[in-house]
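# Architecture at a glance
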Amino acid sequence: MFFETYKSELIASVLLLIMLLIIRAISIALISKLGKKSGINDARIHLIHRYATVTLFLIGLLIETFIFGAQLKDLALLFSSVFAVIGIALFAIWSILSNITSGVIMFFSFPYKVGDKILIHDKDFPIEGIIEDIRAFHLHLRLDNGDLVTYPNNLMLQKAVTLVEKDAIDEGSDAI
């Protein structure tokens, strides 16, 4: 009885699922290709894969509600209520979201990679170190004295950065 009642909706849902899986495969292939071409490490590539998958899932969920007959005014009421609560929560953690967004921006347009030695021009505390890892929230920088510094991604996009030495980690390991 259920399958007969919702036959057209179920067919549309299966087609949507197939389409989203194809789009996901294409986007993951493009992200991987771009990441490999730019010399980005695999952990960052997989992180962006997860962001793309979650985004496609949310889009699919939204389209699915329309397939099963939800009206725009019903969704508007639901989303306005949910976004009001989320907006208050996100305001409290705007710094975390800023770092995640900066991490995604850095994936696509950051001119430096793991192993490069950089100088961050901060008026109060300039930092010169080798990039050991680029994560979703912050960079790991190894200073000349061996200290490990975590530097927030959003500050990396706000400060001037100079490339001191390309692939400095490789040359340093050869000297040992």
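Residues numbered from 1 in each chain as written. Predicted model: local features only at pLDDT ≥ 70, side-chain atom pairs only at ≥ 80, totals over all residues. Heavy atoms only, no water.

### Here we look at helix H5 (residues 94–109)
The end-to-end C-alpha separation of H5 is 22 Å, in line with the 22 Å expected for 16 residues at 1.5 Å each. Listed as buried for H5 are Asn99, Ser102, Gly103, Met106 and Phe107. Buried residues of H5, seen end-on, are gathered within an arc of 145° and therefore sit on one face of the element. Facing away from the buried side of H5, by more than 90 degrees, are the exposed residues Trp94 and Ser109. Where the residues of H5 are buried, they touch helix H2 (7–38), helix H3 (42–67), strand E2 (127–134), strand E3 (138–143), strand E4 (148–152) and helix H6 (153–158). (Helix = DSSP H or I, 4+ residues; strand = E, 2+ residues; numbered from the N terminus. Expected span 1.5 Å × (residues − 1). Buried < 20%, exposed > 50% of the residue type's maximum accessible area, 1.4 Å probe, protein only. Arc of directions from axis to C-beta. Contact = heavy atoms within 4.5 Å.)

### Remarks on the pairing of strand E1 (residues 117–121)
Bridge analysis of E1 against E2 gives 4 bridges, and the strand direction is antiparallel. Paired with Leu119 across the bridge in E2 is Glu128. Hairpin connection from E1 to E2: 5 residues lie between these consecutive antiparallel strands. Pairing of E1 with strand E5 (residues 160–165) involves 5 bridges; the strand directions are antiparallel. By the bridge assignment, Lys117 is partnered in E5 with Glu165. (Pairing = 2+ DSSP bridges.)

### Side note on the packing of H2 against H3
For the pair H2 and H3, interaxial distance at closest approach is 10 Å and the crossing angle is 160°. What the angle tells us is that H2 and H3 run roughly antiparallel. Here H2 runs over H3; the crossing is right-handed. Residues of the contact of H2 with H3, tallied by class, amount to 12 nonpolar, 7 polar and 5 charged. (Axes fitted to C-alpha atoms, helices over the stretch in contact; angles between N-to-C directions. Parallel < 35°, antiparallel > 145°, perpendicular 65-115°, else oblique. Left-handed = near helix turned anticlockwise from the far one by under 90°. Nonpolar A, V, L, I, M, F, W, Y, C, P; charged D, E, K, R; others polar.)

### Focus on the side chain of Glu9
Inspection of the secondary structure assignment puts Glu9 in helix H2. At 11 Å, Lys7 is the nearest oppositely charged side chain to Glu9, a buried residue that forms no salt bridge. In contact with Glu9, not counting residues within four places along its chain, are Ile67 and Phe68. (Lys, Arg positive; Asp, Glu negative; His and termini not counted. Salt bridge = Lys/Arg side-chain N within 4 Å of Asp/Glu carboxyl O.)

### Some details on the nonpolar core
Of all hydrophobic cores here, the largest spans 15 residues; its most connected members are Phe110, Ile118, Ile120, Ile127, Ile131, Leu141 and Met156. If you list the elements that add at least two residues to this core, you get E1, E2, E3 and E4. Dropping the residues within four chain positions of it, Leu141 is found in contact with Ile118, Ile120, Ile127, Gly129, Ile130, Ile131, Asp147, Leu148, Val149 and Tyr151. Of all hydrophobic cores here, the second largest spans 6 residues; its members include Ile45, Ile48, Ala52 and Phe107. (Core = buried A, V, L, I, M, F, W, Y, C linked by side-chain atoms within 4.5 Å.)

### A short note on the sheet that holds E4
In any sheet, the strands associate via hydrogen bonds between backbone groups, in a parallel or an antiparallel arrangement. In space, the 5 strands of this open sheet follow the order E4-E3-E2-E1-E5, with antiparallel pairing throughout. Looking at the sheet topology across the chains shown, the edges are occupied by E4 and E5. Each adjacent strand pair in this sheet contributes to an overall mean axis angle of 45°, direction not counted.

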